[in-house]
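Topology and contacts: notes
For reference, the chains in residue letters:
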Amino acid sequence: MGLLLAVTAIFIVITLRGQDWSTVAATLRGQRPGFVATMVVLAVLANAAGLVATMISWRAMLAGVGERVAAVDAARIFYFGQFVKYVPGKVMGFLVSVEMGRRIGVPAARMGTAWLLALVVSLLTGATVGLAAGPEVFGASAAWLLLAVAPVAVVLVRPELVGRAATLLARVRRRPEPSTAMSGTGIRQAVVAQLLAWLIGGAHLWLLAVAMGAPPLRALPLCLGAFGLGAVAGVIAVFAPDGIGVREVVVTAALSVILPVPVASVVALVSRVVVTVSELVTAGIGLGVTEAILRRRARTSPAAAAEAVPVNAASPASKKSPSCLPQADR
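**Describing the packing of helix α3 (residues 33-64) against helix α4 (residues 71-84)**
At their nearest, the axes of α3 and α4 sit 10 Å apart, and the two run at 120° to each other. Taken as axis vectors, α3 and α4 run oblique relative to one another. As α3 packs across α4, the resulting crossing turns out to be right-handed. Within the contact between the two elements, α3 uses Leu51, Val52, Thr54, Met55, Trp58, Arg59 and Leu62 and α4 uses Ala71, Ala74, Ala75, Ile77, Phe78, Tyr79 and Gln82. Of the residues assigned to the contact of α3 with α4, the class counts are 11 nonpolar, two polar and one charged.

Okay, structure coming up:
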């Protein structure tokens, strides 16, 4: 981790050395403080909304592997994972999801399968949205954007391909391979929800770029694509907790097409702050709400109170417990 941060810092210093940083001050002087503050607040809300869409995708993926989990339980697992994912290596998120799933009666094999499938869908849709940055970065024609819908369209028609991709990913990451039948409907819903999550969450980068003087129409596809590509690169970089450093390099490189490099780097760093704050606040609120719901159920219903006690996963009643412990990844 220390080596990663050192290399990232050296790379950023080399890239930004000799740049005219007066452009940042000039850009800020040219914007109204109230406008910039409003755009930052909207950016936080946009990323929070994208996180909710990701949670919906996560729950749909659980249904896709045959586990229809109550919304409160799915939210609890997902939002707790938002805190765990900052641990380096991305292994802890997997283990926590499996354990929390076991406590509500979801077999470890199925929870592991759902985790892998959710990762595949996240990478697929993030890379697909990332193609939106193609015209600005590579100077291609607008027809290049048509390629962005091809992978998702194929998966929507043939959802079983996600299962095959999960099997391949499990072998690469040395995880147990998926061993359960998958629902095409659940996978389709998960893909659509995750695609929307990338688009909604990526809007936060666009808001920040516009606040720093980027042309709105030209910046929209570039920012959506840059956020998707940066996040995917961060997921692939398993040694970086939540892709710290990796995502900023990708986003800065993409935004430098329409903004001076110093300004683009500031936008990338502020984006990291916005994403972190929105994730932690949203996860905290989500966990608080789910805990309140479970406690209220335990107080008002003797049956619910009985179900709140962890039971043997083999028990028929265990899968219907709405109250025991509850992951993620954008």
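**Structural notes on the pattern of salt bridges**
One pass over the structure, following the stated rule, counts six salt bridges. Of the charged contacts, one joins glutamate 99 and arginine 102 as a salt bridge, the two residues approaching to 2.6 Å between their closest N and O atoms. Of this pair, glutamate 99 and arginine 102 both sit in helix α5 (residues 91-103), three residues apart, which is roughly one turn of that helix. Residue glutamate 99 is classed as partly exposed on the basis of its relative accessible area, which comes to 28%. For arginine 102, a relative accessible area of 41% gives the class partly exposed. One salt bridge connects glutamate 99 with arginine 103, and the closest N-O pair in it is separated by 3.0 Å. Of the two residues, glutamate 99 and arginine 103 both sit in helix α5, four residues apart, roughly one turn of that helix. The network of salt bridges with common partners includes Arg76, Glu291 and Arg295.

**Things to note about the packing of aromatic side chains**
Two measures describe an aromatic ring pair: the distance that separates the ring centres and the angle between the ring planes. Using the criterion set out here, one finds two aromatic pairs in the structure. Here phenylalanine 78 and tyrosine 79 contribute two aromatic rings whose centre-to-centre distance is 5.3 Å and whose plane-to-plane angle is 75°, an arrangement assigned as edge-to-face. Judged by its relative accessible area of 1%, phenylalanine 78 falls in the buried class. Between the aromatic rings of tryptophan 198 and phenylalanine 227, the centroid separation amounts to 5.9 Å while the plane-to-plane angle is 65°, which identifies the pairing as edge-to-face. Of the two residues, tryptophan 198 sits in helix α10 (residues 184-211) while phenylalanine 227 sits in helix α11 (residues 216-236), which places them 29 residues apart along the sequence. For the residue pair tryptophan 198 and phenylalanine 227, the accessibility class agrees, reading buried in each case.

**A closer look at the confidence of the model for the protein**
If pLDDT is low for a region, its predicted coordinates should not be looked at in detail. Here the protein averages 76 in pLDDT, while 67% of its residues score no lower than 70. Per-element mean pLDDT across the protein ranges from 51 in helix α14 (residues 302-307) up to 91 in α3. Below pLDDT 50 for its whole length, residues 311-330 participates in 68 contacts with residues either more than four positions away or in separate chains.

**Quick look at the side chain of serine 57**
Tracing the backbone shows serine 57 in helix α3. Exposure remark for serine 57: the relative accessible area of 5% places this residue in the buried category. From its side chain, serine 57 meets the backbone oxygen of alanine 190 in a polar contact 2.7 Å long. Not counting residues within four places of it along the chain, the set of residues in contact with serine 57 comprises Ala190, Ala193 and Gln194.

**Description of the nonpolar core**
One finds Trp58, Met61, Leu62, Tyr79 and Met111 to be the most contacted residues of the largest nonpolar core, which totals 36 residues. Only α3, α4, α5, α6 (108-130), α8 (146-157), α10 and α13 (261-300) provide two or more residues apiece to this core. Take this core: its biggest share by element is eight residues, from α6. Once residues within four sequence positions are removed from consideration, methionine 61 is found in contact with Ala114, Leu117, Ala118, Val121, Gly186, Ile187 and Ala190. By size, the runner-up hydrophobic cluster in this structure holds 32 residues, among which are Ala43, Leu222, Leu259 and Ala264.

**Section: a nonpolar patch on the surface**
A surface patch of nonpolar side chains, amounting to about 420 Å² of accessible area, comprises Val273, Val277, Val281, Ile285 and Val289. You can call valine 277 partly exposed: its relative accessible area is 41%.

**Focus on the environment of tryptophan 115**
Position of tryptophan 115 relative to the elements: it lies in helix α6. Overall, tryptophan 115 belongs to the buried group, its relative accessible area being 6%.

**Details of the packing of α10 against α13**
One way to put it is that α10 packs onto α13 with a least axis distance of 10 Å and a crossing angle of 135°. Our classification of the angle between α10 and α13 gives oblique. Of the two possible hands of crossing, α10 and α13 adopt the one that is right-handed. Mapping the contact onto sequence places His204, Leu205, Leu208 and Ala209 in α10 and Val267, Val270, Ser271, Val274 and Val275 in α13. Broken down by class, the residue content of the contact of α10 with α13 amounts to seven nonpolar, two polar and no charged.

**So, the environment of tryptophan 206**
The topology assignment puts tryptophan 206 in helix α10. The exposure class of tryptophan 206 is partly exposed, given its relative accessible area of 23%. Residues tryptophan 206 and leucine 224 lie 18 residues apart in sequence; the distance between their C-alpha atoms is 7.1 Å. Other than its neighbours up to four places away in sequence, tryptophan 206 contacts Pro216, Ala219, Leu220 and Cys223.

Reading the values: rules and limits
Residues numbered from 1 in each chain as written. Predicted model: local features only at pLDDT ≥ 70, side-chain atom pairs only at ≥ 80, totals over all residues. Heavy atoms only, no water. Axes fitted to C-alpha atoms, helices over the stretch in contact; angles between N-to-C directions. Helix = DSSP H or I, 4+ residues; strand = E, 2+ residues; numbered from the N terminus. Parallel < 35°, antiparallel > 145°, perpendicular 65-115°, else oblique. Left-handed = near helix turned anticlockwise from the far one by under 90°. Contact = heavy atoms within 4.5 Å. Nonpolar A, V, L, I, M, F, W, Y, C, P; charged D, E, K, R; others polar. Salt bridge = Lys/Arg side-chain N within 4 Å of Asp/Glu carboxyl O. Buried < 20%, exposed > 50% of the residue type's maximum accessible area, 1.4 Å probe, protein only. Phe/Tyr/Trp six-rings, centres within 6.5 Å; stacked < 30°, edge-to-face > 60°. pLDDT = per-residue confidence, 0-100. Polar contact = N/O pair within 3.5 Å; in protein donor to acceptor, adjacent residues only side chain to side chain. Core = buried A, V, L, I, M, F, W, Y, C linked by side-chain atoms within 4.5 Å. Patch = residues over 30% accessible without salt bridge, like charges linked within 9 Å, V, L, I, M, F, W, Y side chains within 5 Å. Areas by Shrake-Rupley, 256 points an atom, 1.4 Å probe, with all protein chains shown as cover.

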